[in-house]
Amino acid sequence: MSGFEHFARDAFELEREILKRGMLLKLDWDDAAGMRKLAREALEGGADHTQALLADPDARLRARGELFALGVLMLRVMEESADTGVHTHGGSAWKAFGRALIQEAQAEGKAVDPRAQNV
């Protein structure tokens, strides 16, 4: 399994950072509707919205932008690991946010890698 361990490490580190932003934003990972709303904002706003949030002096808005950027990294790790035949996922925060991102992307008619749908 040498060479694949970094996917698990990446997932662990991303999950930790996602949880930190979630605490600051007082997110309820079990609130599916809230997660979908957050995912919708991330997807509709796109990179420009995320960049604006990242540059905001307000710590909560900056944390929101960081969460959106972490979501992109999270999906990338899942796709890259799937390309090597490894199913990678994190804990409950990862799964809640990832599931919401995938559901919202599908609701917008965007193609979603079927291997990422096992979040």
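Refer to the preceding data block for the structure.
Residues numbered from 1 in each chain as written. Predicted model: local features only at pLDDT ≥ 70, side-chain atom pairs only at ≥ 80, totals over all residues. Heavy atoms only, no water.

Our focus in this paragraph is the nonpolar core. By size, the foremost hydrophobic cluster in this structure holds 25 residues, and its most contacted members are Ile-18, Trp-29, Met-74, Trp-94 and Phe-97. Listing elements by their share of this core, those giving two or more residues are helix H1 (5-24), helix H2 (32-54), helix H3 (59-83) and helix H4 (92-107). Among the elements that make up this core, the one with the highest residue count is H3 (seven residues). Filtering out sequence-adjacent residues up to four positions away, Met-74 remains in contact with Leu-14, Ile-18, Trp-94, Phe-97, Gly-98 and Leu-101. (Core = buried A, V, L, I, M, F, W, Y, C linked by side-chain atoms within 4.5 Å. Buried < 20%, exposed > 50% of the residue type's maximum accessible area, 1.4 Å probe, protein only. Helix = DSSP H or I, 4+ residues; strand = E, 2+ residues; numbered from the N terminus. Contact = heavy atoms within 4.5 Å.)

Let us look at the packing of H2 against H4. Here H2 crosses H4 at 60 degrees, and the two axes come no closer than 8 Å. Our classification of the angle between H2 and H4 gives oblique. Note on packing geometry: the crossing formed by H2 with H4 is right-handed. Contacts from Met-35, Arg-36, Leu-38, Ala-39, Arg-40, Ala-42 and Leu-43 in H2 reach Ala-96, Phe-97, Ala-100, Leu-101, Gln-103, Glu-104, Ala-105 and Ala-107 in H4. Looking at the contact of H2 with H4 residue by residue, the class counts come to 11 nonpolar, one polar and three charged. (Axes fitted to C-alpha atoms, helices over the stretch in contact; angles between N-to-C directions. Parallel < 35°, antiparallel > 145°, perpendicular 65-115°, else oblique. Left-handed = near helix turned anticlockwise from the far one by under 90°. Nonpolar A, V, L, I, M, F, W, Y, C, P; charged D, E, K, R; others polar.)

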